[in-house]
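Here's the letter readout for the chains.
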Amino acid sequence: MTRSWHSLAKVSDFNSAKSKYVDLGNKEIALFFVEGKFHATDNFCPHRGGPLFRGNIEPGPNIRCPLHGWNFDMKSGQSLNMPQATITTYPVEIRGEEVFVHI
Ligand code: FES
């Protein structure tokens, strides 16, 4: 599948929120805004499909799944407490007021 840039949000969407769920039909993305930077990952936890956009944002930045606590580095996608587990992460670019993600 060819990857391309998608506008998934506006920067202003993150004035009051730290995360956002985006459904692209064939893929669900979790967008995070942490310490002035955006990060994009798959929304589904590889354990049992927990919605990562609802997880706890922790220093790293990491995202902790809200269901059973698997913890993932938002930049690399590597789990910190389950070494065999990873999530896909995606490049993010800000263009004006739009948050673009390369999917
Ligand atoms: S579904 Fe994420 S840790 Fe279980």
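Throughout, residues of each chain are indexed from 1 in the direction in which the sequence is written. Only residues with pLDDT of at least 70 are given local features in this predicted model, and only at 80 or more are side-chain atom pairs given and counted; all residues enter the totals for whole chains, interfaces and linings.

Visitor: I tried to follow the sheet that holds strand E8 (residues 89–90) on my own but got confused; where do I start?
Guide: Adjacent strands of a sheet pair through backbone hydrogen bonds, lying either parallel or antiparallel. Read from one edge to the other, the open sheet built from 4 strands follows the order E2-E3-E4-E8, with strand pairing classed as antiparallel. In this open sheet, the two edge strands, each paired with only one partner strand, are strand E2 (19–23) and E8. Pairing between strands requires that DSSP locate at least two bridges from one strand to the other. Helical segments are the DSSP runs of H or I of at least four residues, strand segments are the runs of E of at least two, and each set is numbered from the N terminus.

Visitor: Just checking my understanding: could you explain the pairing of strand E9 (residues 92–95) for this structure?
Guide: Sheet analysis places E9 next to strand E10 (residues 98–102), joined by 4 bridges and oriented antiparallel. Paired with Glu93 across the two strands is Phe100, which belongs to E10. Hairpin connection between E9 and E10: a loop of 2 residues separates the two successive antiparallel strands, and Gly96 in this loop has a positive phi of roughly 65°.

Visitor: Whenever I open this one, the environment of Lys10 confuses me. Can you help?
Guide: Topologically, Lys10 is positioned in strand E1 (residues 5–10). The sequence separation of Lys10 and Val92 amounts to 82 residues, and the corresponding C-alpha distance is 12 Å. Ignoring any residue separated from it by four or fewer positions in sequence, one finds Lys10 in contact with Glu97, Glu98 and Val99. Residues are treated as contacting if the C-beta atoms built from their backbones sit within 7 Å of each other.

Visitor: Can you walk me through the sheet that holds strand E7 (residues 71–73) in this structure?
Guide: The strand order E5-E6-E7 describes an open sheet built from 3 strands, whose pairing is antiparallel. Where the open sheet ends on each side, the last strands, each with one partner, are strand E5 (56–58) and E7. Neighbour-to-neighbour, the strand axes of the sheet open up by a mean angle of 25°, direction not taken into account. The sheet contact formed by strand E6 (residues 62–64) and E7 spans 3 bridges and is antiparallel. Its bridge partner being in E7, Arg64 is matched across the sheet by Asn71. For helices, the fitted line uses only the C-alpha atoms of the stretch in contact; every axis is such a line through C-alpha atoms, and the angle between N-to-C directions lies from 0 to 180 degrees.

Visitor: Before we go on, may I ask you to explain unusual backbone geometry in this structure?
Guide: Across residues other than glycine, the phi torsion is negative in most instances, and most of the peptide bonds are trans. Across the junction of Gly60 and Pro61, the peptide omega takes the value 0°, indicating a cis bond. Position of Pro61 among the secondary structure elements: in the loop between E5 and E6. A positive phi angle is found at Glu35, which is not glycine, with a value near 50°. The topology assignment puts Glu35 in the loop between strand E3 (28–34) and strand E4 (37–42).

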